[in-house]
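Listed below are the residues making up each chain.
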Amino acid sequence: MSYVFGVEKWADAYPEFEPLMRRHYGEMADRLAAEGHRVSPFAPRVDAYRAANERGEMIMFTIRKDGEPVGYSMIYVTRSMHNGDLIAHEDTIYVHPDHRNGIGRKLTKMILGALRSAGVRRASVTAGTDPRATKLWQRMGFKPTAQQMTYYF
């Protein structure tokens, strides 16, 4: 069977996608810990995600294979405080390691198409789990615009 890409209601999809989200968070936390960063345990703000999705401020894109979750992305859409442009920022994007065979690129294309159709003027992404993703995004037309830094307390 083939991959099925979709947009799902977060509250409905979360129970099935939670193990994948937990795995994603673990990969990110392990990478950061290896670099000396401290990351709090996985504890998603379920009510806040649900509410943002219900208000239309967060879109959940999904990938399933044979009905099973294998990838997802959550994208926030809002108006820029600087100029009113509709902008999007990736909260998370992840594909299970066993399915990293071009599926992430297809997911990104689907997301960009949906955002363009919605009138979004620009979208930003952050490679938190696998910094190699930046090469994929650059090949797809993303441009480096800032160096992100984090200060831990």
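## Remarks on the pattern of salt bridges
Summed over the entire model, instances satisfying the criterion amount to 11 salt bridges. The salt bridge partner of Arg100 is Glu27, with a shortest N-O separation of 3.2 Å. Of this pair, Arg100 sits in the loop between β4 (86-95) and α3 (103-117) while Glu27 sits in helix α1 (residues 10-34); the two residues are 73 residues apart in sequence, bridging distant segments of the chain. Note on Glu27: relative accessible area 23%, which makes it partly exposed. Its salt-bridge partner being Glu35, residue Arg31 comes within 2.9 Å of it at the nearest N-O pair. On the basis of relative accessible area, Glu35 is assigned to the partly exposed category, the value being 47%. Connected through salt bridges with shared partners, the residues Glu8, Glu16 and Arg64 form a single ionic network.

## Observations concerning the sheet that holds strand β5 (residues 122-124)
Here we have 5 strands laid out as an open sheet, ordered β1-β2-β3-β4-β5, and mixed in their pairing. Only two strands of the sheet have a single partner each, and these edge strands are β1 (3-8) and β5. Along the sheet, successive strands turn relative to each other by an average axial angle of 25°, direction set aside. Two strands pair when backbone bridges link them, and strand β3 (residues 68-79) and β4 are joined in this way by 9 bridges, in the antiparallel orientation. Bridge pairing in β4 places Val77 opposite Ala88. Set on the sheet, α1 makes contact with β1, β2 (58-65), β3 and β4; between it and β3 the angle comes to about 100°.

Analysis parameters
- Residue positions are given per chain, counting from 1 as you read along its sequence in written order.
- Only residues with pLDDT of at least 70 are given local features in this predicted model, and only at 80 or more are side-chain atom pairs given and counted; all residues enter the totals for whole chains, interfaces and linings.
- Heavy atoms throughout the structure, all of them, feed into the side-chain values; hydrogens and water do not.
- Any Lys or Arg side-chain nitrogen found within 4 Å of a carboxyl oxygen on Asp or Glu counts as a salt bridge.
- Helix and strand definitions here come from DSSP, where helices need a minimum of 4 consecutive H or I residues and strands a minimum of 2 consecutive E residues; each element is numbered from the N-terminal end.
- For every residue, the accessible area (1.4 Å probe, protein chains only) is compared with the maximum for its type, and the residue is labelled buried under 20%, exposed over 50%, or partly exposed between those bounds.
- If DSSP finds at least two bridges between two strands, the strands pair.
- Lines fitted to C-alpha atoms define the axes, with helix axes restricted to the stretch in contact, and inter-axis angles between N-to-C directions lie between 0 and 180 degrees.
- Contacts were defined at the residue level, with two residues in contact if any of their heavy atoms lie within 4.5 Å.

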